[in-house]
Amino acid sequence: GVQTPAGLPSHEPAEPHASASQLCTSIRMETGSSGGRRLPKTESAEMRWVVPGGAYEEDEIDSSDDGDGGTDTPTAALGSRGGGGGYSDAEEDEEDALLRQRLVRTGPRADSFDVEALDVPGLYRHQEFTMGRSIVLALQTLGVVFGDVGTSPLYTFDIMFNKYPNTSKEDVLGALSLVIYTLILIPLLKYTLIVLWGNDDGEGGIFALYSLICRNAKASLLPNQLPSDTRISSFQLKVPSVELERSLRIKERLETSSMLKKLLLMLVLFGTSMVIADGVVTPAMSVMSAVNGLKVGISSVNEGEVVMISVAFLIVLFSLQRFGTSKVGLAVGPALFIWFCCLSGIGIYNIMQYGTEVLRAFNPIYIYYYFERNPTQAWMSLGGCLLCATGSEAMFADLCYFSVRSVQLTFVCLVLPCLLLGYLGQAAFLMENLTQNEQVFFLSIPSQVFWPVVFIATLAALIASRTMTTAIFSIIKQATALGCFPRLKIIHTSRKFMGQIYIPVMNWFLLVSCLAFVTTFGSINEIGNAY
């Protein structure tokens, strides 16, 4: 055996006949200026030399240069032993050569609790992305998060005017102003600037908010906590302020009122149910609206054929869902980028072709005029106006797949400008063609590029159909963790992003529901009214 130096903790060998080299490698020492020996403090993320397969595989030898007496190699570290060991130079060289063959270099050591807390070094929330990685992430964000809201121009004006056709240019301006400020209020102000910052350590969705509330206040009614969890203190020293005083009052009221606790849980469950319903209706509406473009280009196509083509597309779409968010998102991201470019290009063309009078819709006074002239028609058109913000919940629920900053930058810099240009172009077309209020998007396409745009629109609609599906996967995983949903098989589809998942049972359940929805209603107008 090797005698332990004074002042160092002794290591009890795991096997009775451990070799001297194994025991030497189990102790990391550095020599100070005074000649004493002490254990250096090292970071858990540094590289280490370990003995593979030995009794002390977890123990390490410092390989960093410490300046005074520090060593650069593991063998040099062993060579810095005290001279009282009785080893000759030949024996030391032979032992060092043998030890050099046995030592391997390991990566950073990740603690299991860090893995559970999603706080592993190298996780995407702690990385600084390069320019190339940022572009790839933006394309994946387009393909996963913004497909739904990006294809809403296919059907928004159709649903708004399907019951009460527009009769004047002022009606078009009022409807356009409604759409513009719905996009500004819901996706931009509500989700992008406010709700995204309310994430639970990178997790988004209704259950993530509920979990965040219950962790800071004793408001949970779900039996998903261990008795020992109640004894863990979450005390944090905060500077007294008006906001803190107000939050403490709300917390006290919530913790003492059983009615508020029940109401909060019911709102969470009801909101989750509505999001799942959105995941059923949205794919059916997006695909059918895109396939309806065939009726504009080919007059012989009837409604039944549109339904059958939509059913075939939906089956293919949900079958590809199992390949993972990163792979599918990267594959369809460029296609959706082309779609947004087409949308903005067609909008600019129509504005230049039919006039810039539609820009007056940025004045919200036209909303007031719209309701003043036709209160019933304006009220009914609000249901269709809401369709321009379909998929906004996916921006928050899909947050576990990407970072907050990537979602915000992609929406503000690309998605929102393209959507506004697309709606402005359709409104410019409608103001000069008041009677053509069905298939507005496809009728406004220039004849020279009609079929390429129809192809891109169909592809974008298929991409949009999976936006809410991935959001539902995330919500179901959170509901299962909180004990509000039966335990299902969850497949992690990425080695880098822990939130990217696939739930087979929910995928096929959504497919069956979408097919039943399409075959039952069979019309984009009826589906829009149901939404």
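Criteria and cut-off values
- Residues numbered from 1 in each chain as written.
- Predicted model: local features only at pLDDT ≥ 70, side-chain atom pairs only at ≥ 80, totals over all residues.
- Heavy atoms only, no water.
- Helix = DSSP H or I, 4+ residues; strand = E, 2+ residues; numbered from the N terminus.
- Buried < 20%, exposed > 50% of the residue type's maximum accessible area, 1.4 Å probe, protein only.
- Contact = heavy atoms within 4.5 Å.
- Phe/Tyr/Trp six-rings, centres within 6.5 Å; stacked < 30°, edge-to-face > 60°.
- Polar contact = N/O pair within 3.5 Å; in protein donor to acceptor, adjacent residues only side chain to side chain.

The next thing to look at is the overall build of the protein. A count of helical and extended segments in the protein gives 23 helices and 6 strands. Counting every position in the protein, which comprises 531 residues, the buried fraction comes to 47%. Once local pairs closer than 6 in sequence are excluded, the contacts in the protein between residues at least 24 apart make up 77%.

Unlike most non-glycine residues, Gln439 shows phi in positive territory, near 55 degrees. By relative accessible area, Gln439 is classed as buried at 16%.

Taken as a whole and judged by the stated rule, the model has 12 aromatic pairs. Ring plane angle 40 degrees and centroid distance 4.6 Å describe the contact between Phe517 and Phe521, whose orientation is recorded as tilted. Taken together, the residues Phe517 and Phe521, both in helix α22 (residues 504-521) and 4 residues apart, mark about one turn of the helix. For Phe517, a relative accessible area of 16% translates into the label buried. Among the aromatic residues, ring-to-ring pairing joins Phe157, Phe161 and Tyr423 into one connected group.

Next up on the list: the side chain of Ser257. Note on placement: Ser257 falls in the loop between α10 (242-256) and α11 (258-291). The buried category is assigned to Ser257, whose relative accessible area is 16%. Here the side chain of Ser257 touches Leu260 through a polar contact of 3.2 Å, landing on its backbone nitrogen.

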